[in-house]
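# Understanding the architecture of this molecule
Residue-level listing of the chains:
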Number of protein chains: 4
Amino acid sequence: MSTNNTNSNWKDKLHEIIYEADTPAGKLFDIVLLIFIVASIALVMLESVHTIDKNYHKFLYYGEWVVTILFSIEYIARVITVRKPWKYIFSFYGIIDFLSTIPMYISFVFAGSHALVTLRALRLLRVFRILKIARYLGASNQLKDSIIASRVKIAVFLFAVVISSVIFGTIMYLVEGEENGFTNIPKSVYWCIVTLTTVGFGDIAPQTALGQFITSIIMILGYGIIAVPTGIVSAEYVRSTNKADKEKEQGKQPEEIQLNTQSCSNCHAMDHKDKAKYCHSCGHNLHL
Amino acid sequence: MSTNNTNSNWKDKLHEIIYEADTPAGKLFDIVLLIFIVASIALVMLESVHTIDKNYHKFLYYGEWVVTILFSIEYIARVITVRKPWKYIFSFYGIIDFLSTIPMYISFVFAGSHALVTLRALRLLRVFRILKIARYLGASNQLKDSIIASRVKIAVFLFAVVISSVIFGTIMYLVEGEENGFTNIPKSVYWCIVTLTTVGFGDIAPQTALGQFITSIIMILGYGIIAVPTGIVSAEYVRSTNKADKEKEQGKQPEEIQLNTQSCSNCHAMDHKDKAKYCHSCGHNLHL
Amino acid sequence: MSTNNTNSNWKDKLHEIIYEADTPAGKLFDIVLLIFIVASIALVMLESVHTIDKNYHKFLYYGEWVVTILFSIEYIARVITVRKPWKYIFSFYGIIDFLSTIPMYISFVFAGSHALVTLRALRLLRVFRILKIARYLGASNQLKDSIIASRVKIAVFLFAVVISSVIFGTIMYLVEGEENGFTNIPKSVYWCIVTLTTVGFGDIAPQTALGQFITSIIMILGYGIIAVPTGIVSAEYVRSTNKADKEKEQGKQPEEIQLNTQSCSNCHAMDHKDKAKYCHSCGHNLHL
Amino acid sequence: MSTNNTNSNWKDKLHEIIYEADTPAGKLFDIVLLIFIVASIALVMLESVHTIDKNYHKFLYYGEWVVTILFSIEYIARVITVRKPWKYIFSFYGIIDFLSTIPMYISFVFAGSHALVTLRALRLLRVFRILKIARYLGASNQLKDSIIASRVKIAVFLFAVVISSVIFGTIMYLVEGEENGFTNIPKSVYWCIVTLTTVGFGDIAPQTALGQFITSIIMILGYGIIAVPTGIVSAEYVRSTNKADKEKEQGKQPEEIQLNTQSCSNCHAMDHKDKAKYCHSCGHNLHL
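None of the values given here were measured: they were computed from a predicted structure. (Residues numbered from 1 in each chain as written. Chains lettered and ligands numbered in written order. Predicted model: local features only at pLDDT ≥ 70, side-chain atom pairs only at ≥ 80, totals over all residues. Heavy atoms only, no water.)

Take the packing of aromatic side chains next. Ring pairs (aromatic) are described by centroid distance and by the angle formed between their planes. All told, the structure shown has 24 aromatic pairs over all chains when counted by the stated rule. Centre to centre, the rings of B:Trp86 and B:Phe90 are 5.9 Å apart; their planes meet at 20°, and the pair counts as stacked. Here B:Trp86 falls in the exposed class, since its relative accessible area comes to 61%. B:Phe90 gets classed as exposed once you look at its relative accessible area, which sits at 60%. With 6.1 Å between their ring centres and 65° between their planes, C:Tyr61 and C:Tyr62 make a pair best called edge-to-face. Owing to a relative accessible area of 35%, C:Tyr61 belongs among the partly exposed residues under this scheme. A connected cluster of aromatic rings, assembled from ring pairs, spans A:Tyr75, A:Tyr88 and A:Phe98. (Phe/Tyr/Trp six-rings, centres within 6.5 Å; stacked < 30°, edge-to-face > 60°. Buried < 20%, exposed > 50% of the residue type's maximum accessible area, 1.4 Å probe, protein only.)

So this is what it looks like as structure tokens:
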């Protein structure tokens, strides 16, 4: 029993280091992890550059394996230290962690799978946990709130953009024809999105007078349309800013920002209050 | 007389299914219609891609005919079930429905008319009726209100953009000349709109030092001009948002959003109140 | 003396027709003038298109002369009917009117001067006088106020854009060099403005890895910078909108918009109050 | 002692002329300096244009030397007249002044160093001191405050842009491959930033159908993302504008804008109050 207890304690400590950023060890772990993620992405990028790959192939290859093995150890440690491993394995980060570890092993069998390695970029999202200091959270929360509040409006807007692109794209296909680069309707629609969003690659461009006239209308339209999402997000931002300011004036405390980065070792739940002793989701003792 | 009544009942039921989205049958009809519209657009798009058309020509051709026949049946049903068919036939959707049905028939006579099929994309606008749930309507209404409120300002703005383009386009034609791609003034004006809206295809680009200097001025101007419509829409949005918030604070009920999707079988009017029993436009009994 | 009086009356009536848009005759004159301005611009544009000019050269040439002669008559009439002709001749519109009339006459002597004809586009600005109905004025006044209020801020912003372009342009010239299209520093600065404003023609594009890295920084910077003028104009707009709304709430009358389009026949001053009997600038009787 | 005093007075007067813009002599000095900075930048730019350099090489070369010698004199005068020269030498402007003076001397030894001359552009930032009139300061302060207030949000936003570019860039590398211009991942990421920021050079453009589809998503995303920084800056601007307006209404004096351009001759500190007699940083007499 005492062995079991020690074992459990050892797991709990590792859990705290891996999953939380409150203790110095936990913070260090997260920073080291981050450095390895950035390094592994840099490795993949450099490997794709022929001149670099030719000269440093061995170095890049061994580096890749070092990162893969470290990620494997980390993955296994994560699975072991959680009480309900399946919950982690099928969580968003669990899947990403797995997918960013596996490609080097598969590359023994299939050559192309190696490219999956770049999924590691998604792991960078973990950075927000380390930066979990009040102001950063505040910033991204307000951002998230504004985007959520204007979600429906943005959907309506995107729908309008897509419909316009389909209609104008088809018209341009009929007007310009295949000899001017508008070889088929999907390509025309693609060109129309390029134009509406004011990207304008120029790989395809209207040649006929009528086509150029219609393009002028599309561009001015696109120029006007860009005002809409901007207006929406601005208004939501102004509203949320005003609200926060008013509450301050009226002496109301702004909702306390919780800096707690603990995650329950039993059910993997996060977002506990700073003073929480028990998991808000399963009642498990957090300080165990 | 009883036959007539039964006949009328049968028509009214069909009317309810086709024109409204309140009953399960009506909702199903709208969703099926939508799927067929999207499918028919996809067919036209795929047909324009040579490699696909070569391999699946027969499939695409028959698919096209299936859609056309279904649309024809739908069109006839719409005409029959409305009490005043001419009102529907010459309404916005009536004309679109007709134009999106007819091309395949005409294509027996004229080859090119087939392309009109893509007008079907406009039928997609019907989607908003199915999505007629409170929040979507709210979103697009506020959008519509903001755009209507800033209509005049946007017209003034567009007028300024067009005048600037004509003046700068002519100057660039004089400066760059025909040897640098500015072959005539309309083309120069087109290029100027491309530049002012920051699209910048690059199919035509200034080559002389003076031309590049003037282009720099045009671009910075265009960069500044984009702030204007954005500022207008933002301000209108902020205002309408503030207004709604204030009314809420003062306990005023926001104008109830009406979810009624019925359309009068007599005069084709829509936008009835949720509790409406009689058509607000002609007094016809809606529940008949 | 009676002859003199009749003569004066005749002049005053012509003055009213030419310079004002209050009477039906004055409105008609302005609309006809506008049509001729648009027509004359269209003529110049079409003339620059070779295929059109070849087929319709005579028609375009005679049309040009008709417009020129009509503009000449209008210019002379304007000079005669104003009491202080020099004031008109050296006013903004006086100079434009002169410059848009003269080129065809000069083209007998110098071939190239013909192109000046396009200055007529500036005469289109007169359109605002006809559209001088309350809401249009309101719209463009608020626009003007917002731009004036944010004038200094926009100047600071433009200054920052130009400085950044000079610095980054020079860096790119050093990094990319002449073999990659950055043939000299002014061209590099031009390219930098093209990139910062997100126009991106693509006639010049970085080829080296370092150049592409610096370009990435320039682009993200430019993407961020665009937020500044938009934010400025938005804020000014919101402020002016709020102000107007508050004044309405407090029962204050908004400053009455004056629809008077009369201009004093003595001193050419405009912007008289609707009920004005005498010129606010020289005291001359407006209804004489 | 009297000699020493005279000497000191002479230095103090020169200090006032060089470092401050309050006296007519000081203002004149700053304007002359500005003209020389602009002239020296123009010289460097023109020199890089081959056709101009060939014809006016001697003129440009001597002009360069005149500017360099004047800048050297100015630099020495600045060092002499400050009581604590090291503070100036290692200040931001001190380093720029040095770096913009030295290149011509070094160019005797190393040929390429000549290009450093363009660092002079940074000296243009001095212009703000001359323009130090209330409204200009107000404008740039509000700008600075808005940017500082939204600093964290903008960092979060930029982080999101970079992550998206890395992920989408890698995907495009896999989809399009090297034969379509996406020769390696860093270049793909560069292309992705070009597209996300709506610059769109078009030197690289997707060729496959799948690549064009993904590009469409990237562009619409980029079109939406641009709304975010604009919204942030707008909201901050609206807030700071509202605050200033409220304070005015409540009769509060806005923080007085200090026009004092003096800099302490002892410790080089600036930003003294208008009525300040002694340096706020070291207590040295400012009017000495």
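Take the pattern of salt bridges next. Residue and element names in this part refer to chain B. Within this structure, the stated rule accounts for eight salt bridges over all chains. Note that Arg-78 is salt-bridged to Glu-74, the shortest N-O span being 2.6 Å. You can see Arg-78 and its partner Glu-74 sitting in helix H3 (residues 50–81), four residues apart, about one turn around the helix. Like Arg-78, the residue Glu-74 is buried in the burial classification. Residues Arg-78 and Asp-97 are paired through a salt bridge, measuring 3.8 Å at the closest nitrogen-oxygen approach. Linking Arg-78 in helix H3 with Asp-97 in helix H5 (residues 92–101), this pair joins segments that are 19 residues apart in sequence. (Salt bridge = Lys/Arg side-chain N within 4 Å of Asp/Glu carboxyl O. Helix = DSSP H or I, 4+ residues; strand = E, 2+ residues; numbered from the N terminus.)

Let us now look at the relation of the copies chain B and chain C. Here chain B sits on chain C after a turn of 90° about the axis and a move of 0.0 Å along it, with an RMSD of 0.1 Å. Such a combination of rotation and displacement between the chain copies is what one expects of a four-fold axis. A share of only 20% of the interface residues of chain B reappears at the interface of chain C, consistent with the copies meeting through non-equivalent patches. (Least-squares fit on C-alpha atoms with pLDDT ≥ 70 in both. Contact = heavy atoms within 4.5 Å.)

Moving on, we come to the interface of chain B and chain C. Between chain B and chain C, the residue contacts involve 45 residues of the former and 47 residues of the latter. Both faces combined, the contact of chain B with chain C buries some 3800 Å², and carbon together with sulfur accounts for 75% of it. It is B:Met219, B:Ile220 and B:Tyr223 in chain B that bury the most area against chain C; as a group they hold 18% of the surface buried on that side. For the pair chain B and chain C, the number of links is zero salt bridges. Our count for the chain B to chain C interface comes out at one residue pair in polar contact (both at pLDDT 80 or more). (Buried area = accessible area lost by both parts, 1.4 Å probe. Polar contact = N/O pair within 3.5 Å; in protein donor to acceptor, adjacent residues only side chain to side chain.)

Turning next to the interface of chain D and chain C. A common way to state how big an interface is: give the accessible area lost once the parts meet. Between chain D and chain C, the residue contacts involve 46 residues of the former and 45 residues of the latter. Carbon and sulfur atoms supply 75% of the area that chain D and chain C bury against each other, a total of about 3800 Å² over both sides. Sorting the residues of chain D by area buried against chain C places D:Met45, D:Tyr190 and D:Phe201 first, and these three jointly supply 16% of that buried surface. On inspection of chain D and its partner chain C, the count reaches zero salt bridges. Our count for the chain D to chain C interface comes out at one residue pair in polar contact (both at pLDDT 80 or more). If you list the elements that add at least two residues to the side of chain D that touches chain C, you get helix H2 (24–48), helix H7 (127–130), helix H8 (134–149), helix H9 (151–176), helix H10 (185–196), helix H11 (209–225) and helix H12 (227–249) of chain D.

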